[in-house]
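In case you want the letters, here they are:
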Amino acid sequence: MGEVGARLVIETDMVIIGAGPVGLFTVFEAGLLGLRCHLVDNLDKVGGQCAELYPEKPIYDIPAIPSCTGQELVDNLMRQAEPFGPQFHLGQQAEKLVRLEDGRFELTTSEGQVFRAPVVVVAAGAGSFVPRKLPLPGADAFEGTSLFYAVRRMETFRGRDLIVAGGGDSALDWALNLHPLAKSLTLVHRRDEFRAAPDSVQKMRELVASGAMKLVIGQITGLEGEGPMLSAVAIKDAAGEVVSLPANALLAFYGLKMELGPLASWGLGLERNLIKVETEAFETSEPGIFAIGDIITYPGKLKLILSGFHEAALMCQKAFKYCHPDEKLVFRYTTSSTDLHKKLGVA
Amino acid sequence: MAKVIVTDREGADHELNGQSGWSLMEIIREANLPIEAACGGCCACATCHVYVDAAWVDKLAAPESDESMMLDEAFQVQDNSRLSCQVKFTDALDGLKVTLAPEF
């Protein structure tokens, strides 16, 4: 271990970008070969799309599992990976990737965490989940000073006339948490129905009834003010009338979207925003950088979780050679190998 | 074959073959028009948002509550807004006209 600035540099066998189902299963396959993994994901939880988009929806096409929900699949993959002690670095995006003189890679995240490893695996699905931004002209000028898509520090909102937009858990949770700090808080939502947990909705309704919080049913149509300071937000109400609501802070929750992000500029061969790989080891145009799962393309590719699992298993065979160039890899089965039983902690 | 007329974000009309039994999103995606449909059609995002021509709004089955919930995450939602993955196309909808909602 070394240090870059104040940050500890983590040295490992494999850095996996993306902690979705395919990234998690890679931990298992790599673990059987004795390779240690660190995973980076921009979400604040593991599971990728399974956990973020459809945790409660059933999946029917996982071999030997006739039906399970997205979250159950993730929970089971976590259990399967557990013997191999994967380390997770969540809430941060893989930002910079360079090759070191010794042939290994150095990956830096948006939080400044540095990894050095002989193998990098891109299992990033459809990209990182990032907040969806207001598609309004001039919105950029307010961002970070009076327009926000996430809460980094609650203090930012102290004493301000705050509008929170949205009807899901993020919007309701933050409205409830921030209203004691803000000078005034108005919740703006398209309909008088909320996707958030019923308990939060009830608390919000009580605050609205007592006058501690305001609720406006409508959609944001414009931002007013001299960038970077917002002075009012234009809202089209249910009757179609546009009203101007004074505010000097806006916290907008319009869900998350997926975007390729910084890895698009790492010089990997791309085709229609997908990474091109060969199908023997799922290696990219850059030796030592592998890519698996929904983010890749090759003739016949199907975007199925099971395809990603297969790609992970094959990829690890070649990854082993980069990690242990002088060792010979013996192919073994988990049913019969005492060596694998030891690694799995069942021996 | 039944037709669907899709107006893209530049205002150009596209006449697509409407495969009965497919979702409207699948028809639009198959024609390579720019529709993100990030979740693949399980009503878990709002990136297949379209506006249905006024003459057709009432001819479609009304949205279920999970579609309305997901529309909350879209922008510039109107009374004629739908998530196209939740609109099942049938021959009875021959001539259906929709416009792709702005991307964001």
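Residues numbered from 1 in each chain as written. Chains lettered and ligands numbered in written order. Predicted model: local features only at pLDDT ≥ 70, side-chain atom pairs only at ≥ 80, totals over all residues. Heavy atoms only, no water.

- Chain B has the name Ferredoxin, 2Fe-2S in an unreviewed UniProt entry, where Arboricoccus pini is given as its organism.
- Among the UniProt annotations of chain B, the heading Sequence similarities (unreviewed entry) holds the following wording: "Belongs to the adrenodoxin/putidaredoxin family." (UniProt positions renumbered as here; feature names shortened; annotations may be inferred.)

- In the nomenclature of an unreviewed UniProt entry, chain A is known as Ferredoxin--NADP reductase of Arboricoccus pini.
- Under Sequence similarities (unreviewed entry), UniProt gives the following word-for-word description of chain A: "Belongs to the ferredoxin--NADP reductase type 2 family."
- UniProt, in its Subunit (unreviewed entry) section for chain A, records the words "Homodimer."

## Concerning the overall build of chain A
So, point 1. Across its full length, chain A carries seven helices and 24 strands.
So, point 2. If you line up chain A on its principal axes, its C-alpha atoms span 70 × 45 × 40 Å.
So, point 3. Burial statistics for chain A: of 347 residues in total, 50% are counted as buried.
So, point 4. For chain A, contacts bridging at least 24 residues in sequence account for 57% of all contacts bridging at least 6.
So, point 5. Of the accessible surface of chain A, which amounts to about 16,500 Å², a share of 51% is contributed by carbon and sulfur atoms.
So, point 6. Side-chain charges of chain A comprise 34 positive and 42 negative groups, with the mean position of each set lying 1 Å from the other. (Helix = DSSP H or I, 4+ residues; strand = E, 2+ residues; numbered from the N terminus. Buried < 20%, exposed > 50% of the residue type's maximum accessible area, 1.4 Å probe, protein only. Contact = heavy atoms within 4.5 Å. Areas by Shrake-Rupley, 256 points an atom, 1.4 Å probe, with all protein chains shown as cover. Lys, Arg positive; Asp, Glu negative; His and termini not counted. Charge placed at Lys NZ, Arg CZ, Asp CG, Glu CD.)

## Some words on the nonpolar core
So, point 1. If you look at the biggest cluster of nonpolar residues, it comprises 72 residues, and the most contacted ones within it are A:Met14, A:Leu107, A:Val122, A:Ile275 and A:Ile295.
So, point 2. Not counting residues within four places of it along the chain, the set of residues in contact with A:Leu107 comprises A:Val15, A:Ile17, A:Val40, A:Ala94, A:Lys96, A:Leu97, A:Gln113, A:Val114, A:Phe115 and A:Trp266.
So, point 3. Counting residues in hydrophobic clusters, the runner-up holds 30 residues, among them B:Ala2, B:Val4, B:Leu33 and B:Val98. (Core = buried A, V, L, I, M, F, W, Y, C linked by side-chain atoms within 4.5 Å.)

## Examining the interface of chain A and chain B
So, point 1. In this assembly, 22 residues from chain A lie in contact with 20 residues from chain B.
So, point 2. Carbon and sulfur atoms supply 53% of the area that chain A and chain B bury against each other, a total of about 1,900 Å² over both sides.
So, point 3. The largest contributions to the chain A side of the interface with chain B come from A:Arg132, A:Arg190 and A:Arg195, which together make up 30% of the buried area.
So, point 4. On the surface where chain A and chain B come into contact, there are seven residue pairs in polar contact (both at pLDDT 80 or more).
So, point 5. Contributions of two or more residues to the side of chain A that touches chain B are made by β16 (214-226) and β20 (256-259) of chain A.
So, point 6. Class assignment for the residues of the side of chain A that touches chain B results in nine nonpolar, four polar and nine charged. (Buried area = accessible area lost by both parts, 1.4 Å probe. Polar contact = N/O pair within 3.5 Å; in protein donor to acceptor, adjacent residues only side chain to side chain. Nonpolar A, V, L, I, M, F, W, Y, C, P; charged D, E, K, R; others polar.)

## Section: the UniProt feature "binding site: FAD" (unreviewed entry) in chain A
Residues and elements named next belong to chain A.
So, point 1. The feature "binding site: FAD" (unreviewed entry), as given by UniProt, occupies Asp41, Gln49, Tyr54, Ala94, Phe129, Asp294 and Thr335 in the numbering adopted here. Judged by maximum C-alpha separation, these annotated positions cover 295 residues in sequence and are scattered in space, the widest gap reaching 37.7 Å.
So, point 2. By the secondary structure assignment, Asp41 is in strand β4 (residues 37-41).
So, point 3. The residues contacting Asp41, other than those within four sequence positions of it, are Gly18, Ala19, Gly20, His89, Leu90, Gly91 and Gln92.
So, point 4. Inspection of the secondary structure assignment puts Phe129 in strand β12 (residues 128-131).

## With respect to the environment of A:Trp174
All names here are of chain A.
So, point 1. Checked against the element boundaries, Trp174 lands in helix α4 (residues 169-178).
So, point 2. By relative accessible area, which is 24% here, Trp174 ends up partly exposed.
So, point 3. Each C-alpha atom of the pair Trp174 and Leu251 lies 8.9 Å from the other, and the pair is 77 residues apart in sequence.
So, point 4. With residues near it in sequence (within four places) discarded, Trp174 still touches Val151, Met154, Leu251 and Phe253.

## Some remarks on unusual backbone geometry
So, point 1. With an omega dihedral of 10°, the bond running from A:Gly227 to A:Pro228 counts as a cis peptide bond.
So, point 2. Note on placement: A:Pro228 falls in the loop between β16 and β17 (229-237).
So, point 3. Backbone geometry at A:Asn273 places phi at a positive 65°, although glycine is not the residue there.
So, point 4. Look at B:Ala37: it is not a glycine, yet its phi comes out positive at around 45°.
So, point 5. Of note, B:Ala37 is situated in the loop between α1 (24-30) and β3 (49-52).
So, point 6. The exposure class assigned to B:Ala37 is buried, which follows from its relative accessible area of 8%.

## Some points on the domain arrangement of chain A
How big an interface is tends to be stated in terms of the accessible area lost upon association of its parts.
So, point 1. By the assigned domains, chain A splits into domain 1 (2-130 + 258-344) and domain 2 (133-254).
So, point 2. If you average the C-alpha positions of domain 1 of chain A and of domain 2 of chain A, the two centres end up 37 Å apart. (Domains from an automatic or database assignment.)

## As for helix α1 (residues 21-32) of chain A
All names here are of chain A.
So, point 1. The end-to-end C-alpha separation of α1 is 17 Å, in line with the 16 Å expected for 12 residues at 1.5 Å each.
So, point 2. Among the 12 residues that make up α1, 12 are buried, leaving the element largely enclosed by the rest of the structure.
So, point 3. Within α1 the residues assigned to the buried category are Pro21, Val22, Gly23, Leu24, Phe25, Thr26, Val27, Phe28, Glu29, Ala30, Gly31 and Leu32.
So, point 4. Within two residues after α1, Gly34 carries a phi angle of roughly 85°, on the positive side. (Expected span 1.5 Å × (residues − 1).)

## Here's the deal with the pairing of β4(A)
Residues and elements named next belong to chain A.
So, point 1. Where burial is concerned, most of β4 is hidden: five out of the five residues are buried.
So, point 2. Burial along β4 is two-sided: the residues Cys37, Leu39 and Asp41 and His38 and Val40 are all buried.
So, point 3. Bridge count for β4 against strand β7 (residues 87-90) is four bridges, and the pairing is parallel. Its bridge partner lying in β7, Val40 is registered against His89. (Pairing = 2+ DSSP bridges.)

## Let's talk about the sheet that holds strand β22 (residues 274-276) of chain A
Strand pairs in the sheet, formed through backbone hydrogen bonds, run parallel or antiparallel to each other.
Residues and elements named next belong to chain A.
So, point 1. A sheet is described by the order of its strands in space; here three strands give the open sequence β21-β22-β24, paired in mixed fashion. For this open sheet the edge positions go to β21 (270-271) and β24 (296-297), each flanked by a neighbour on one side alone.
So, point 2. Inspection of the sheet shows β21 paired to β22 by two bridges, in the antiparallel sense. Residue Glu271 lies in a different strand from β22, and its bridge partner there is Leu274.

## Details of the UniProt feature "domain: FAD/NAD(P)-binding" (unreviewed entry) in chain A
So, point 1. Per the UniProt annotation, the sites labelled "domain: FAD/NAD(P)-binding" (unreviewed entry) are residues 13-299 of chain A.
So, point 2. Span residues 13-299 of chain A is 18% helix and 34% strand, its end C-alpha atoms 29 Å apart.

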